[in-house]
Every structure is written in structure tokens, then in C-alpha cells.
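Residue-level listing of the chains:
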Amino acid sequence: MTGTDNQSSFLGRISIRRNQVNAMDGSHEQEIEDLDVFQKQVSDRFADLLSAPDDSPADAFLSISWIRKLLDVFLSCEAESKGMLLMGCDAAQISKSPLDRLIPEILDRVVKALDICNAVANGLELVRHCQRLAEIAVLALEQKPFGEGPARRAKKALVSLMLAMHLDDKESSVQKTTERSWSFGRRGGNKDRPPFGHYKSLSWQVAKNWSAAKQIHAMTMNVVPPRGPEASGLPSLVFIMNLIMVFVMWVLITAIPCQERNGLTTHLPIPKNVNWTQSLAGLHDKIGDEWKKKEKKGMAGLLFELQKMEKLGQSLIEFTDSFQYPGEKDKAEEAAKQVAELAEVCRRMEEGLVPLQMLTREVFHRLVKSRNEILDLLDQTAKSSSPVV
Amino acid sequence: MEKILNAEKSGSFPRFGRRRSKLETSSFKLENFKPKEADENQITRSNLEHGVKRDHMLEQVDQFIENLASARDKSITPEIPDLVEQFLKMVDYRIGTYEMREASVMFGQNQEEDSMFFEAVNRLSKIVSNLDEFILDSETNGCFNRAGSILHHAMSLLENEFVALLDVWKRSCNVNIMDSKTPKIMDSKTPKTPKQSVFDSNPPEMEIEFPYFTSESISVMNRVATAMIFAGYQPECCVAYTSLRLKALDAEFCNQGYENINMEEFQRMEWASQEREIENWIHIVNYCTANLFPVERQLCNSIFEHASTAQRLFGDLATSLTIKLLNFPNALLLIKQYSTEKLFKFLDIYETLCELISGIGNDLSAKDLIPDTSITQRRIGEAAVSIFCELENSIKSDNGRIPVANGAVHPLTRYTMNYLKYACEYKDTLEQVFRQHNETEGSTEQEPKNATEGNGESISTSHFATQLRLVMDLLDANIDMKSNLYKEPSLRYIFLMNNGRYMLQKVKSSTDIFKVTGDDWSRKRSSDLRQYHKNYQRETWSKVLQCMSHEGLQVNGKVSKSILKERFKSFNAMFDEIHKTQCGWMVSDEQLKSELRVSISAVVIPAYRSFLGRFSSHLDTGKQQQKYIKYQAEEIEGLIDELFEGTVTSMGRRRHIHLSHGK
């Protein structure tokens, strides 16, 4: 993975430097310099993400491949910042304000992020489910000559798809209208409801009553840029770590179906008028606006492929709904174009979802590992007094 | 409806081919019963006629399919015989008939009828898939469209039935749980007993074990799945299967008392609750390994005939569940420091994961899971190692300055030995854990010594044994250090003997730990103990024996009375003092106690007896003898037998009870 590669080289550099620094015993200046380098890197990486095109199927903004890039960026930043923290931290600092407060806080935040990773993993399974349904629709719609049978088959799959995509909000009116307006089958009624609207079952939940929106809210608490003399050293580094983690988790929640997103905040504590946060703030504004637009409508997520799938799905439902053998040529051509697009979306999902799932798990394991390393550090500094669980 | 009636006229099934009014059709249940007034002969004749017609039609249809399949030039539009249209109408009509029935019991009412239906659907699938390859004109295209429509209709019917049969949970809800609006299964917070099934109160049909399917419904699902897959509806079938099985497995987890917990919540729990969660988790994973997965696999195999499809479907399910199950140990790992006695819970989890991995290992379709599971297992192993090492730290840091009263076994010895004994019950697991640990550490530090290759009995090569001996050495060193807290050398040896003996007994009493420590250790330990014993004898009793020396009593060739008196006096004083003190000393091991007494008696009694025999006559009989010869040899023996009871100081009785009964 890219993240890991970056990590080793960057840390290698810092560690060599650190050894030299230790020998010289003038570490503060070096620390500031390291932080500058790091901030520059963060800024560049997010700028790169910000420059992604809005509507190019290959690597569009918020597409699966974009999210993968985002997670790679996260892994790199995480590795570097943690490395700097571990190297720069000594017993004297850790037990003193403000680190004595900041470090436990970040550990806590990591745990919260882990739950989000799990929620996202569940969400990705839902996306996979959507993909399967869309594939059925494509399979049916690609049939030539196209007849009423395949039309009904496609419609059934697409309606299931729409239902699957909108199960996020519990008693959402969207779901009901979806069901009503697209109800199908000969005899109507509940019996003919597609059997797939049950992702609300347990395995789709992180835990009972768990809410992604609340989780993000809790994570943003106390994430404030350090001021005054603290602004340059480790507190600053910890702030960057926090901010990136919160931001990335927030993006995941907006993009991928997630348990309970009602009331998801669009406010993140990204400092304005600072050089290195500009690209981050840009991304945040862009995604936040998008979220505000789509939130009320109720949707699976901002993930490019999902959005695309939803749009194409709706339009194809209309097509299949009104289809009467042998059909109109114009409409058929129009539909064929959309089917090709939908097929492309499915292909992207087929290609990207498993790697994304693995990457999410990698993020999870990385967070656990880093957290343990920080705990080890605390352990060393407070060996004798630390209470045993 | 007109269509249906027409269809019926032209090509209905023989057994049910009697003309039926609308009313009759809708009340389907009646149609299996023979109308009372019906003329038997007429029915038979009509059935025969219909049978002949049907057979003829099917033959024609098969021939048509054959022609389509064997046609070389697919650009020539095939001619579609009229009988094919009739066939389509017949199928459509039959679909309508089945559709009237209650879902989940559509099939199985009449085997023959079902078979004919499935055969008809298969023929229809063949017609559609074969026609698909031709270039069609508008007329044949119309037929193709109708065939496609009817096929989809048939598939919808089959899918509905598949779903209805598969959705056991929903069916059972329909029966009795739905009534209460909130399904019990969701609410039950603590249905911890594994056997307590939600389906308990349901009709007998539901009393079968997970996955709660009768063999009949499995065979219907198999037929349906086969027909759907044959018609190219495999994706629908698989999506429905995966979704519903996931749901069913969720319900089963719930049924088993398992609930997802989020990391944050778990981290905040008290150990007691965490422990309960661990038990729960172990239960559910074992249940998965031993029951759920094999049963699920079997179900999958019996519904899906294609091995690869079945394997993929099962693999997906197992993956999805396992990944969720792995969240738990990961949550456990978030807590950094666990106290030593939590080792065993971690080892339980480790073992559970081992079994899960070997369970997955047998299953090719879920092999992808192994890396994830192994990572988690490895981490749990690491945690176990660090907990075990915590024991070393706690021994090292046990620096109490107050000696245990009466030289008794130190609590640390008891704790450590009981801990080790218990740990040895997990010796294979610990061996694995330490091996893994040493491999990760680059195995620089603790390359096991005495590697004798290919000799399974050479336990000394074991990583765990090395670790265990390290702990024992630490304990030895610590006990040795503690022994120096005793000012009196004799008591120091008693203390060393007590503790050494305790260790030796613990080791010998358990074959597990004995195997791990090895023979050498016991031999060495025994010889140490003999040395302590000798030292004790020397420290305590050599001076006493000196009193009874036959040397130095004579002055100018005569036994000096005053020296003799002095000797008796000091013997009495010394012996009394020893008796007084050492009665209070504690030797809890009965055998050790008796060995000590026997050996003391063996030295003291003969010496005393001989001294008495040789010199008592030198004292004046009567008063003097009474005054100086305080004890007869038998009395001395009796008094020696009172030693080491720990009786004098009441402290002795209340010794370290808590740890002495550790498992």
C-alpha cells in the first residue's frame, strides 16, 4: 500500500535526523522544522484530492477510487504524525499540560474512529448489495431483443436497488413513497415487496442505538487549534492528527451508507487563514455543501458511484415502467446509453469495492496499532503508577 | 381471465384439466378433491385424452427446442409452430394457478403437478435462451416477447416462493411473534442460554434445529433454485439467498444471546461485564465453528447444486459474519494493561480463534478470512504474552521487607505456583503463543536451549518451558532474597524448605507442569532441599549435640559432676528454648514435617539416650537426677513431635488462605 511505503521513507528520514538531533541536543528547532515539512505534505496531499474531476468515471471526486486515495493519504499522514509524536515525546512533556490532556483525548478519539470504520465496513457491504442488484438490472436491460419480460425483471431489480439505497433513515418517508410509487407485481400489497429491504438487521449495525452523526459530533469536541506558545510544538502536531482523523471519518460517513446519520454536522474545526489547511477546508466546503443539498432527500451516500446509480436507476425505472413491446426507438437508445453507464458503475464497484473494504480494515488495524504504541509510550513514562485493569 | 380460460382449453394439465369456472379457480383448495358427483369414467377418459394431447404438445415443443438448438444458420428466422403458442398459454395459466396459493406452500401439494410445472418452466427457459440467438422477424419477435414475459412471470413466482420458504424468521413471526408488534427476538436482552429458541413456542414444524427447515422445504428450494439458475436468474436467486441467510444468521446470533457491541462502549465496561461479554463471544464463535458454519454450509450445498455457486455463497456469508465476530477481540485489545489472572480468558479467546481458523482452513471458499483472523489471533497472543510477563514483573517487584511469620510458605510462592499450574493446563496454547512471540521478536533473546532434534520428549526446547523456568528462577531468587529477612538462620532454612517443598510438590502433583519443567529441575530442587535440611540440622541441633558429647566431661580422668550438671542444664535450656520457638514455626507439608522430626529424633534421641545411659549414674539419685535430668528419651521424642506445628503464635494458624486454594 502506498501509505506504508510513504511511512517508512518519511519516518526513516525523521529518525535519522532525530538521532543526529539527539546527539546535538537541540531538538526544538528541528521539531518545528519537521512540523513544517509535515504540514506542507498534508497540504499537498489534500490539494491533490481537491483537484479530482467532478464527473469523470475513472477517478471522480468522491468516487471509490477517490476514497481509496483519501484513505491512503490518511494512512500516510497518520504514520508520519504518529512517528513524529512518538519520537518527539518524552516523559517530561507527556505528564505536563497540555499533552497530559491531549494524548488521552486522542486515544479516546481513535476508539471512536474504530467504531466508524466498522460502520463503514457495514456500509460497504450494503454498497456491494446495491451493486449486485444493479448488475441484475444491467443484465436484463442488455438483453436483445428487449421485451417485456426483461423490462419487468430490470424494474424489479431497480426498485429493490432504490429501496436498498434508502434504508438509511428509519421511518423515512422516502422509503414509503418509493415503495408506493414503484410498487410492482400483479397483486400489489406487502407480499410482493422485494425481499431485500432488511439491511436494517443487526449485522448492519455497529451496535444498538449507535449513531454515526453523534460519533462525529463527539469526535470534534475539544479539537481546537493550540494557541500561543503551544502552537508550534507537539500540541500542534496532535491537533493536526485529530483534525485529519475527524475529517477523514466525516468524509467516509457522508460518502458511504452509515448507521444513523441524521443531524450529521457539517461543521469541522478547520482553522481558517492558515496555509496548510486551505485544501482541507476546500474539500470540507465542497463535501459539506453537497451533503446539505442531498441530506434532506435521503440517500445512500455521496459516493460518486452511488449517486450515479441512483440517478440512472430512477431514470431506468421510468423507462422500464413505461416500456411496452416493442418499445420506442428513441427511448431505447437513450436507455441503452444509461445502461452502459450503469454497467460502467458496476464495473467500477466490482473493481474497487473489495480493495476499499480491505483498505478500511487496514485503517482499522493501523489505528489499533498506533493507539497501542502511544499507550506503550504512556506506559513507559508512568510504569509504576499506572493502574492495572 | 379470458386468456387463462383459452389457455386452459387448449393445453391444460390432465389431472386438473376439468373445466373450471372462475369461482372454482379462485378457491384453489377445493380442486384437489374430487367432486362427489363427478362421473369417474368420464374423468378418466378426459384425463387420458388430455394426457395424449399434452404429450403430443410437449413432444412438439421439445422437437422445436431441438431444432432451434441444432440450427446452424441462426440468421434464418425459425418458424414457430402453433403448439408453442399453446404451450406458452398453458404455462401462463399454470403460473396463475400457483399464484393463487399461499406463499411457502405453493409446491409440495401434488408431486406430479409440481414436476410438470418445473419441466414446463425449464422448457420455457430453453425456448427463450435458444430463440435469443436468432435474428427474428416481427412475428417471431412477438412470440419471443411473450415467452420472455411469461418466463419472467414464472421466475417472479419462483423467487417469491424461494423467499417465502427461506425467510424462516418472517414465517415464524407471522405465526406468533408478529402479533405483539415488537418481535421478541429483538427485545430479549439476556437469552443467554443457548438452547432457548425463539421458535420454542411454535408449532411442531418449528422444533427442528437451526436452520429450521424441513427436508421438504429444502427440496422445494433446491428445485426452485435449480430452475431459476437454469433460466439465467442466478443473480436474483443468490442475492435473495445471501440477504435472507444473513438475516437468519443475525436472528440466530440474537437467539444465542449475542449482540454487537461497539468498541467505545466495551472499553468503558467493568471487568465483570467484559468477562461476561468474553464468555458470550467464545460461546458464539464456538457455536459458529461447531454448528452454524457446518450446518449453513450443508444448507447451501443442498439448495444449490453447483458446487462453485454453493461455495461462493457460503464463503460470502462466513466472511461477513467472521469479520464482525473479529471486532470483539479487537475491542478487547484496546485496553492496554490487564492484570495477570486475566491471562486465561485471553488464552480461551486465542484457542477459540485457533479453532475458527482451522474451521475456515477446511473451507476453501472462506480462505480469504484467514489473514484477518490470524492477525487478530496473533494480537491476542501478544496480549497473552504481555500478561504473562506481567507475572515476571510482579515477582520482581515483590520486595516486601516483612518476613512471613514462622517461616511458612510465602503467598507469592503459592500464587505463582498455582498460577503456573493453571497456566500449564494451557501449555500447548502458551507454547504456540510464545513461539509466535519469539518469532516476531526475531528470536534473538530466547533461543531455547538443549535443542535435541526430532525428539518429541525433549520438552526443554519448548518456548513456554523456557518462559516458565524463567519465572521459577525469578521466584527462586525472590524467595532466596526474602529468606535473608529472617535473622535466625534455622528459620531461614525452614522458610526455604517450606517454599522449596511447596514448589516441588506443585510440580510433582501436576503432570502438565512436571512435563514442562522437566526431571532435572525436580532433581536439583530435591537436592537443594536436602541441603537446606542439613543446614537446618547443623544450625539448630549441632550445639545441642555438643552438650551431649562424651568429650570434655572428664577432669583428671574423672567425670566432673559440675561439668555434667552444666551440660544437663544447658541441654535442658537449649532444648526448651528450641521447643518453645520451633513449635511455633510452621511446616505445613506433613511429609516434610515428619521427615524433619524423624531426622531430628534420629540425631538427638540416640545421643541423648547414650549420654543419659553413660552419665546419669554420675548424678546422685533422687533430687539431683530429678533436677538435672528433666526429660527421658521418650519425652524428648514426644516433644520433638510437637515441633513445626505453628501452634504457639496464634499468627501461624491464619496463613495466607486466599491464595493457597488457587486453582
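Residues numbered from 1 in each chain as written. Chains lettered and ligands numbered in written order. Predicted model: local features only at pLDDT ≥ 70, side-chain atom pairs only at ≥ 80, totals over all residues. Heavy atoms only, no water.

- An unreviewed UniProt entry lists chain B under the name Exocyst subunit Exo70 family protein, with Hibiscus trionum as the source organism.
- Quoted verbatim from the Sequence similarities (unreviewed entry) field of UniProt, the annotation for chain B is "Belongs to the EXO70 family."
- UniProt, in the comment section headed Function (unreviewed entry), describes chain B in these words: "Component of the exocyst complex." (UniProt positions renumbered as here; feature names shortened; annotations may be inferred.)

- Identification of chain A as From the Czech 'roh' meaning 'corner from Hibiscus trionum is taken from an unreviewed UniProt entry.
- The Sequence similarities (unreviewed entry) field of the UniProt record for chain A holds the comment "Belongs to the ROH1 family."
- Checking UniProt for chain A, the heading Subcellular location (unreviewed entry) contains the comment "Membrane".

### Comments concerning the side chain of Arg525(B)
Then step 1. The topology assignment puts Arg525(B) in helix α21 (residues 519-547).
Then step 2. Once residues lying within four places of it in the same chain are set aside, the contact partners of Arg525(B) are Asp476(B), Gly500(B), Met503(B) and Leu504(B). (Helix = DSSP H or I, 4+ residues; strand = E, 2+ residues; numbered from the N terminus. Contact = heavy atoms within 4.5 Å.)

### Quick word on the pattern of salt bridges
For side chains of opposite charge, pairing can occur when their charged atoms come near one another.
Then step 1. Inspection of every chain in the model, using the stated rule, returns 49 salt bridges over all chains.
Then step 2. Residue Arg109(A) pairs with Glu105(A) through a salt bridge whose shortest N-O separation is 3.7 Å. Taken together, the positions of Arg109(A) and Glu105(A), both in helix α5 (residues 99-141) and four residues apart, correspond to about one turn of that helix.
Then step 3. The partner of Arg146(B) in a salt bridge is Glu85(B), and the shortest N-O contact between them spans 2.5 Å. Within this pair, whereas Arg146(B) is found in helix α6 (residues 138-166), its partner Glu85(B) is found in helix α4 (residues 82-99), the two being separated by 61 residues in sequence. (Salt bridge = Lys/Arg side-chain N within 4 Å of Asp/Glu carboxyl O.)

### Topic: helix α11 (residues 304-322) of chain A
Each turn of an α-helix holds 3.6 residues, which means side chains three or four residues apart point in the same direction.
Residues and elements named next belong to chain A.
Then step 1. Taking 1.5 Å as the rise per residue, α11 with 19 residues should run 27 Å; its terminal C-alpha atoms sit 27 Å apart, in good agreement.
Then step 2. All buried positions along α11 are accounted for by Phe304, Glu305, Leu306, Gln307, Met309, Glu310, Leu312, Gly313, Leu316, Ile317, Phe319 and Thr320.
Then step 3. Those residues of α11 that are buried lie in contact with α3 (64-88), α5, α6 (148-165), α9 (234-255), α10 (278-295) and α12 (329-381). (Expected span 1.5 Å × (residues − 1). Buried < 20%, exposed > 50% of the residue type's maximum accessible area, 1.4 Å probe, protein only.)

### Observations regarding the interface of chain B and chain A
Then step 1. Taken together, the contact between chain B and chain A spans 55 residues of the former and 53 residues of the latter.
Then step 2. Summed over both sides, the interface of chain B with chain A buries roughly 5,000 Å², with 51% coming from carbon and sulfur.
Then step 3. In this structure, Lys324(B) engages Glu125(A) in a salt bridge whose closest nitrogen and oxygen atoms are separated by 3.1 Å.
Then step 4. Our count for the chain B to chain A interface comes out at 17 residue pairs in polar contact (both at pLDDT 80 or more).
Then step 5. Listed by contribution, the elements that provide at least two residues to the side of chain B that touches chain A are α6, α10 (234-255), α11 (263-268), α13 (307-332) and α15 (369-396) of chain B.
Then step 6. Looking at which element gives the most residues to the side of chain B that touches chain A, the answer is α6(B), with 13 residues. (Buried area = accessible area lost by both parts, 1.4 Å probe. Polar contact = N/O pair within 3.5 Å; in protein donor to acceptor, adjacent residues only side chain to side chain.)

### Regarding the UniProt feature "transmembrane region" (unreviewed entry) in chain A
Then step 1. Taken from the UniProt record, the annotation "transmembrane region" (unreviewed entry) applies to residues 237-256 of chain A.
Then step 2. Between the C-alpha atoms that bound residues 237-256 of chain A the distance is 29 Å, and the span itself is 95% helix and 0% strand.

### A few points about the environment of Ile563(B)
Residue and element names in this part refer to chain B.
Then step 1. Positionally, Ile563 belongs in helix α22 (residues 561-584).
Then step 2. Between the C-alpha atoms of Ile563 and Gly552, which are eleven residues apart in sequence, the distance is 8.5 Å.
Then step 3. Excluding its chain neighbours within four sequence positions, the residues that come into contact with Ile563 are Gly552, Leu553 and Val555.

### Brief notes about the packing of aromatic side chains
Then step 1. Going through the model one piece at a time under the given rule, you end up with 35 aromatic pairs over all chains.
Then step 2. Ring geometry for Phe253(B) versus Tyr258(B): centroids 5.8 Å apart, planes at 85 degrees, classification edge-to-face.
Then step 3. Accessibility expressed as a relative area gives 7% for Tyr258(B), which makes it buried.
Then step 4. Measuring from ring centre to ring centre gives 5.9 Å for Tyr415(B) and Tyr419(B), while their planes differ by 20 degrees; the resulting arrangement is stacked. Separated by four residues within a single helix, Tyr415(B) and Tyr419(B) lie in helix α16 (residues 411-424), roughly one turn from each other.
Then step 5. Taken together, Phe344(B), Phe388(B), Tyr415(B), Tyr419(B), Tyr422(B), Tyr426(B), Phe434(B) and Phe464(B) form an aromatic cluster joined through their ring pairs.
Then step 6. Seen from the ring of Phe61(A), Lys286(A) lies directly overhead, with NZ or CZ sitting 3.9 Å from the centre.
Then step 7. The ring of Trp271(B) has Lys342(B) sitting right over it, with the charged end atom 4.6 Å from the ring centre. (Phe/Tyr/Trp six-rings, centres within 6.5 Å; stacked < 30°, edge-to-face > 60°. Lys NZ or Arg CZ within 6 Å of the ring centre and 35° of its normal.)

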